[in-house]
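Topology and contacts: notes
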Amino acid sequence: MPKSTRSFKVIIVGGSIVGLITALALEKAGIDYVVLERGEIAPHLGASISIFPHTQRVMEQLGIWEEIRAGIIPLKDRYHYDQYGQLLESSAVLREISKMSLNRFTSFMERRFWLNCIYNGIQNKPKVLPHTSVTSFRETEDGVEVTTKEGKIIQGDILLGADGINSTIRNLMASHIARTDATTSEEMRSGFTADYRCVFGTSRNYSPSDKDKPLLPGGMCHNVYYRGFSGASAAGAEDLIFWFLFVKSDHATKTPNTPRYTEEESEATINKYGGYAVGPGYTFKDLWESRVRAAMVPLEEGVLKPKWNTGGRVALMGDAVHKSTVNPGLGGNLAVEGIVHLMNELVPLVRKCESDGGRKPTKSELVAVFDRYEVKQRPHANFIVAFSAYVKKYDAMETWWLRVLLRVSPWISDKYKAGRLVSYMNEAPWLNFLPNPDEKGKANGTQ
Ligand SMILES: Cc1cc2nc3c(=O)[nH]c(=O)nc-3n(C[C@H](O)[C@H](O)[C@H](O)COP(=O)(O)OP(=O)(O)OC[C@H]3O[C@@H](n4cnc5c(N)ncnc54)[C@H](O)[C@@H]3O)c2cc1C
């Protein structure tokens, strides 16, 4: 096969958690890429995000953990309250998880902070293009080309759609197949449902009665359970509280018709539920009033049933293919697993081709990579999406059985609960082309 003139290049659409981490991983692997992001990089939306130990391990591999670590307070204690404000359980499950995970821990931070750390880790910043919105793509036997709203045409060898729950790339894939396979096309558009919504916010960590006193000690989380709604708060960073109000909606909706809520609708939800306590001495309204930023979103969930690639050079990642409810905070962590699964297939292929006379991977080799990524990631997605749906219902005490379980939970040992989660996390993949941080200096080829 003739040596190619241009090196293998990945076009990534979406410059958020998945897009930027994929870019950083490709950079570490020495593979060319470009990131196209519709908005700015690391916008301040008031959203927060957790990093669990298995994701921490990947951040260590990518060399950005130190910067993240410097900006967070590890979560340690978790107190659960019932609808009467009674303490149901003071849980040490987060400490147990840490003990069972080589002292890695659960952390909770501003999402823009994590995004900034990833972006800071990227050396070749001109490869990340903000304010660049992709509107179409075209595949050929030899490559793929995208067009942006601004009229730019960008060429590459593969296209990764990391553009979130309302993915443009997924919708374009659906349009491309609409004439030949209307059912699959429809599944791609409407494969995600939402029957809950969530007000989320970042607030200053001070007590409503005394602004000189912190409301929560650093590393503390609260959960509260009401019928049909629930709440959570966490003091995961200096001076900040991240919080959530989860509410069951009157009716379920499907993509692409899940609602985009206005500021007035968020306020109306707070007016309705704001008076309820989140923890001792403070309510949702208190958190709303001390907010830095807050907003309301639908809680979409689902795993895309049709194939995650076009059978060519285009594949989907992250929230574009699997979306879980926010309650246990695992959606972004799941997305990182997906990046690792894909990179562990792609990087060895590109390297093999390079050593094979500098040829480029063929289309069928790339499809095989996308298929193997999906085979590995889909079971993880099915599990996390189902588990998150269960936690969503549990938090809002949807059934009598869940209400019983909430009362039984304090009698189940933290070790047992942590063990279940840790056994999942221990199975999580890490990047096999970088040294395994658990076996210093040794590359892992088994994942
Ligand atoms: C309130 C909230 C709290 C959450 N908390 C947690 C948590 O604690 N733990 C956890 O693990 N997960 C959490 N999640 C889930 C997590 O945020 C997502 O799973 C994760 O952000 C998915 O990343 P992504 O890159 O796939 O998609 P997104 O973060 O949605 O990013 C998609 C990007 O694509 C860009 N884009 C879209 N269309 C185009 C286009 N046509 N051209 C160019 N760019 C485009 C968008 O501007 C955006 O930047 C939370 C989610 C929410 C909403």
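Figured I'd write up the structure that's included with this text. Within each chain, residue numbers correspond to sequence positions counted from 1 in written order. Under the rules for a predicted model, residues below a pLDDT of 70 receive no local features and side-chain atom pairs below 80 are neither given nor counted, while totals for whole chains, interfaces and linings still include all residues.

Observations concerning the overall build of the chain
Each helix is a run of DSSP H or I of at least 4 residues and each strand a run of E of at least 2, with the numbering of both proceeding from the N terminus. In terms of helices and strands, the chain carries 13 helices and 22 strands. In this description the radius of gyration comes from C-alpha coordinates, and the expected globular size is given by 2.2 Å times residues to the power 0.38. Taking 447 residues into account, the globule formula puts the C-alpha radius of gyration at 22 Å, and the chain, at 22 Å, falls close to it. Each principal axis of the C-alpha atoms in the chain carries an extent, and together these give about 70 × 50 × 40 Å. To sort residues by exposure, count the other C-beta atoms lying within 10 Å of each residue's C-beta; 20 or more gives buried, 12 or fewer gives exposed, and values between give partly exposed, all with C-beta atoms placed from the backbone. Scored against the burial criterion, the 447 residues of the chain give a buried share of 48%. When contacts within the chain are restricted to residue pairs at least 6 apart in sequence, long-range pairs at least 24 apart make up 72% of them. By the convention adopted here, residues are in contact when the distance between their C-beta atoms, placed from the backbone, does not exceed 7 Å.

Side note on the nonpolar core
Formed by 125 residues in total, the largest nonpolar core has its most connected members in Ile 12, Val 13, Cys 198, Met 317 and Ile 339. Per element, the largest residue contribution to this core is ten residues, and it comes from helix α10 (residues 331-355). Ignoring anything within four residues of it in the chain, the contact list for Cys 198 reads Phe 244, Leu 245, Phe 246, Met 296, Val 297, Leu 299 and Val 326. When buried Ala, Val, Leu, Ile, Met, Phe, Trp, Tyr and Cys residues are joined through C-beta atoms within 7 Å, the set is termed a nonpolar core.

Here's the deal with the sheet that holds strand β11 (residues 158-161)
Either a parallel or an antiparallel arrangement is found when strands of a sheet pair, and the pairing is made through backbone hydrogen bonds. With respect to topology, five strands assemble into an open sheet ordered β7-β2-β1-β11-β19, the strand pairing being parallel. Two strands bound the open sheet, and with one partner strand each, they are β7 (128-129) and β19 (314-316). In the sheet, β11 pairs with β19 via three bridges, with the strands oriented parallel. Each residue of the ladder has a partner; that of Leu 160, found in β19, is Ala 315. Strand contacts of helix α1 (residues 17-29): β1 (9-13), β2 (32-36), β7 and β11, with the helix running at about 165° to β2, the strand carrying the most contacts. Relative to β19, helix α6 (residues 168-177) is tilted by about 125°, and along the sheet it contacts β1, β11 and β19. Each pair of strands is called paired provided DSSP finds at least two bridges between the two strands. To get an axis, a line is fitted to the C-alpha atoms, and for a helix only the part in contact is used. The angle between two axes follows their N-to-C directions and goes from 0 to 180 degrees.

A look at the pairing of strand β5 (residues 87-91)
When strand β4 (residues 77-81) meets β5, the two strands line up antiparallel, connected through four bridges. Along β5, the bridge assignment pairs Arg 78 with Ser 91. Connecting the antiparallel pair β4 and β5 is a turn made up of five residues, with Gly 85 showing a positive phi of about 85°.

Points about the site of the ligand
Using a C-beta atom placed from the backbone for every residue, we mark a residue as near a molecule or strand if that atom lies within 6 Å of it. Taken together, 32 residues lie around the ligand, and Gly 14, Ser 16, Gly 164, Gly 318 and Gly 329 are the ones closest in. Of all elements in the fold, only α1, β3 (48-51), β12 (193-204) and α10 reach the threshold of two or more residues within the shell around the ligand. Ranked by residues supplied to the shell around the ligand, first place goes to α10 with four residues. Here the term charged refers only to Asp, Glu, Lys and Arg, the term nonpolar to Ala, Val, Leu, Ile, Met, Phe, Trp, Tyr, Cys and Pro, and the term polar to all other amino acids, Gly among them. Across the shell around the ligand, the residue classes break down as 14 nonpolar, 14 polar and four charged.

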